[in-house]
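Coordinate analysis (summary)
Spelled out, the chains give:
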Amino acid sequence: EAQVTQNPRYLITVTGKKLTVTCSQNMNHEYMSWYRQDPGLGLRQIYYSMNVEVTDKGDVPEGYKVSRKEKRNFPLILESPSPNQTSLYFCASSFYGGEQFFGPGTRLTVL
Amino acid sequence: AQSVTQLDSQVPVFEEAPVELRCNYSSSVSVYLFWYVQYPNQGLQLLLKYLSGSTLVKGINGFEAEFNKSQTSFHLRKPSVHISDTAEYFCAVSEGTGGFKTIFGAGTRLFVKA
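Read on for an overview of the structure. Here the structure is a predicted model, which means the values were calculated and not measured. (Residues numbered from 1 in each chain as written. Chains lettered and ligands numbered in written order. Predicted model: local features only at pLDDT ≥ 70, side-chain atom pairs only at ≥ 80, totals over all residues. Heavy atoms only, no water.)

Description of the interface of chain A and chain B
Basically, it comes down to this: A contact between two residues is defined here by any heavy atoms of the two lying within 4.5 Å. Take the accessible area each of two parts loses on contact, using a 1.4 Å probe, and add the two losses: that sum is the buried area. Any carboxyl oxygen of Asp or Glu that lies within 4 Å of a side-chain nitrogen of Lys or Arg is treated as forming a salt bridge with it. For this analysis, a polar contact is any N or O atom pair within 3.5 Å, provided that within protein one partner can donate a hydrogen and the other can accept it, and provided that sequence-adjacent residues contribute only side-chain to side-chain pairs. Secondary structure elements follow DSSP: runs of H or I no shorter than four residues count as helices, runs of E no shorter than two count as strands, and numbering proceeds from the N terminus. In this classification, the charged set is Asp, Glu, Lys and Arg, the nonpolar set is Ala, Val, Leu, Ile, Met, Phe, Trp, Tyr, Cys and Pro, and all remaining amino acids, among them Gly, are polar.
Listed per partner, the contact involves 20 residues of chain A and 20 residues of chain B. Approximately 1,600 Å² of surface area, both sides summed, lies buried where chain A meets chain B, with 56% of it carried by carbon and sulfur atoms. The largest share of the area that chain A buries against chain B comes from Leu43, Gly97 and Glu99 of chain A, three residues that together contribute 29% of it. Applying the counting criterion to the chain A and chain B interface returns 0 salt bridges. Linking chain A to chain B there are 4 residue pairs in polar contact (both at pLDDT 80 or more). Listing elements by their share of the side of chain A that touches chain B, those giving two or more residues are β4 (31–38) and β5 (42–51) of chain A. With 5 residues, the single largest contributor to the side of chain A that touches chain B is β5 of chain A. Residues of the side of chain A that touches chain B, tallied by class, amount to 9 nonpolar, 9 polar and 2 charged.

Let's talk about the packing of aromatic side chains
Residue and element names in this part refer to chain B. Our working definition: The rule is short: rings of Phe, Tyr and Trp, with Trp giving its six-membered ring, pair when the centres are within 6.5 Å, and they are stacked under 30 degrees, edge-to-face over 60, tilted in between. The cut-offs for exposure are 20% and 50% of the maximum accessible area for each residue type, with area from a 1.4 Å probe on protein chains only; residues under the lower value are buried, those over the upper are exposed, and the others partly exposed.
Under the criterion given, the structure shown has 12 aromatic pairs over all chains. With centroids separated by 6.4 Å and ring planes inclined at 25 degrees, the aromatic side chains of Tyr25 and Phe67 adopt a geometry described as stacked. Of the two residues, Tyr25 sits in strand β4 (residues 23–26) while Phe67 sits in strand β8 (residues 64–68), which places them 42 residues apart along the sequence. For Tyr25, a relative accessible area of 8% corresponds to the buried category. With relative accessibility at 10%, the residue Phe67 sits in the buried group.

Regarding the state of the cysteines
Residues and elements named next belong to chain A. Convention followed: Only a pair of cysteine sulfur atoms within 2.5 Å qualifies as a disulfide here.
Overall, the coordinates contain 2 disulfides over all chains when judged by the stated rule. The disulfide partner of Cys23 is Cys91, and the gap between their sulfur atoms is 1.8 Å. Taking the sign of the S-S torsion, about -70 degrees here, the bridge from Cys23 to Cys91 comes out left-handed. Note that Cys23 is positioned in strand β3 (residues 19–25) and Cys91 in strand β9 (residues 87–94), a separation of 68 residues in sequence.

The quantities given are spatial measurements derived from coordinates; they are silent on function.
This is the structure we're talking about:
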């Protein structure tokens, strides 16, 4: 089944404790992206990647890191999480110019 | 710089009535346009997209949208809504060249009443 998977689905952590949210797709898509969703703000792009080893900042990259060492994986790293990073996070992938396929979301709470 | 404005944050409508969800964008380059739907506690799924060609685009579940380049709009319409259409709808714009940075609107919550 073609899909984007994210882990974990739910995470509660404390300020400053490094965490990684994994994202994997099995559709051989070149393009992958991370978004955060906050009430009244829609989805805001954090980082995106056009292909392996090619990443670029979206609109809200501060406090996040990404890497794209393999085509299928695009992990999101929070080196020192803060409460303002409490949010619902979505990973997505697509072919160039095509529709994005979204993962199920990761609900992160930073205390 | 790109921006997307969804003109209504909430749209209540009675079942079987028509609905229009409005989306305006600004961009200095050619764009790809999308509408996505998010049902409660789920991820997003594509309703329809405009990449090129005919400005009237048909999507799933009876939805359609019209690309108006002069007004920089991409409004979503459905002639007769169902209770099951209750969801949040997002308009999105991607740059048609280069990096494919994507901007989403803030969303419109469609509430269909019996």
